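Here's the letter readout for the chains.
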Amino acid sequence: MNENQTLGSGKISRRTLLKVGGAAALTAAVGGLPRFARTQTTSMVPNGAGYYRFKVDDATIILLSDGQSTGQIFPRFAGNPGRQDAYTAALRAAYLDPAAFANNFIPMVVEIGRNKILVDTGIGPGALANRQGLTLTHLQVAGFSPQEIDTVFITHGHPDHIGGLTVPGGAPAFPNARLLVGAAELNFWANQATPSPAVGANLIALRNRFTLVQTNHEIAPGVTAVMTPGHTVNHMGVMVTSQN
Ligand SMILES: [Zn+2]
């Protein structure tokens, strides 16, 4: 990247490599993956089914496919009643079928320095029958054991991000990892009058293991939590900064 290259709506220095709020914001922040393609080097390690690995300077990012849900986009998503016709037309103009919506769940590993940081955990093994909850499977296909993940950072409390924190029976899926989440995000979900099953089995069950963080918290050298509210009230993203 060039000095002060503009990404999205703001300028960043060349030391800021990517800013993510879950995988969706990864794309939003960099304007699409092709930008990253220009930073890949010949030392890039192989890819395989279920994961995609690429290098950005001294960081390696491994995107993990947790699975996909499909169905109608309306009314659950983009549900403004007065605007659905316009939205349908826009989707069709982009060669997307509103009746065949695909929602991909894509946690990621950030490998930088001595740290292996998992950002979000997928929907969890309870969904394996639907070919979802595959994060743990694809993590291992990509060459990692759950035990070597030293940090798990949760961007927000929706089930497709927290469900993989535990394995069936309730044990932590990443037994040696520090667990980090935004303080207000955990408090919002854990203090609901009727928490969702995923919140109960993961955020609440592991509550005492979580470190509650604020924006600008250094997750690890070169990796910082940043507030990215909107999708949820206290959604957080991850900013990875080159040491070069
Ligand atoms: Zn969500």
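## Brief notes about the sheet that holds strand E10 (residues 151-154)
Strand order in this open sheet of 7 strands is E4-E5-E8-E9-E10-E11-E12, and the pairing throughout is mixed. At either end of the open sheet lies a strand with only one pairing partner, and these are strand E4 (51-56) and strand E12 (210-213). On average, each strand axis in the sheet is inclined to that of its neighbour by 20°, with strand direction left out of account. For E4 and strand E5 (residues 59-64), the ladder comprises 6 bridges, and the chain directions are antiparallel. Residue pairing for E5: Phe54 is matched across the bridge by Ile61. Packed on one face of the sheet, helix H6 (residues 183-190) meets strand E11 (178-182) and E12 and runs near 85° to E11.

## As for the nonpolar core
Grouped burial of nonpolar side chains is what soluble globular proteins tend to show. Core analysis: the biggest nonpolar cluster contains 46 residues, and Leu64, Met108, Val110, Ile117, Val152, Phe153 and Val238 have the highest contact counts within it. At 5 residues, the largest contribution of residues to this core is made by E5. Aside from chain neighbours lying at most four places away, what touches Ile117 is Val109, Val110, Thr151, Phe153, Ile219, Ala220 and Val223.

## Some remarks on H6
Buried residues of H6: Glu185, Leu186 and Trp189, and no others. With its buried residues spanning 95° around the axis, H6 presents them on a single face. Residues of H6 that are buried sit in contact with E11, helix H7 (197-204), E12 and strand E15 (236-241).

## Considerations on the confidence of the model for the protein
On average, residues of the protein score 82 in pLDDT, and 80% of them are at 70 or above. Taken as a whole, residues 1-45 scores under 50 in pLDDT and shows 65 contacts with residues more than four places along the chain or in a different chain.

## What to know about the pairing of E10
Two faces belong to every sheet, and in a regular strand the side chains alternate between them. Burial along E10 is two-sided: the residues Thr151 and Phe153 and Val152 and Ile154 are all buried. For the handedness criterion, the β-α-β arrangement of strand E9 (residues 115-119), helix H4 (residues 135-141) and E10 is classed as right-handed. Note: E10 against E11, 4 bridges, orientation parallel. Counted as the bridge partner of Thr151 is Arg178 from E11.

## Looking at the environment of Asp57
Secondary-structure assignment places Asp57 in the loop between E4 and E5. We classify Asp57 as partly exposed; it has 18 C-beta atoms within 10 Å. Note: C-alpha distance between Asp57 and Ser242 (185 residues apart in sequence) is 6.5 Å.

## What about unusual backbone geometry?
Its identity is not glycine, yet Asp57 carries a phi of approximately 50°, on the positive side. The backbone of Tyr95 sits at a positive phi, close to 65°, despite the residue not being glycine. You can see Tyr95 is positioned in the loop between helix H3 (84-93) and strand E7 (101-105).

## A closer look at the environment of Gly157
Tracing the backbone through its elements, the reader meets Gly157 in the loop between E10 and helix H5 (159-162). Along the sequence, Gly157 and Leu186 sit 29 residues apart, while their C-alpha atoms lie 7.0 Å from each other.

Cut-off values and rules
- Residues numbered from 1 in each chain as written.
- Predicted model: local features only at pLDDT ≥ 70, side-chain atom pairs only at ≥ 80, totals over all residues.
- Pairing = 2+ DSSP bridges.
- Helix = DSSP H or I, 4+ residues; strand = E, 2+ residues; numbered from the N terminus.
- Axes fitted to C-alpha atoms, helices over the stretch in contact; angles between N-to-C directions.
- Contact = placed C-beta atoms within 7 Å.
- Core = buried A, V, L, I, M, F, W, Y, C linked by C-beta atoms within 7 Å.
- Buried ≥ 20, exposed ≤ 12 C-beta atoms within 10 Å, placed from the backbone.
- Arc of directions from axis to C-beta.
- pLDDT = per-residue confidence, 0-100.
- Right-handed = clockwise from strand over helix to strand, strands pointing away.

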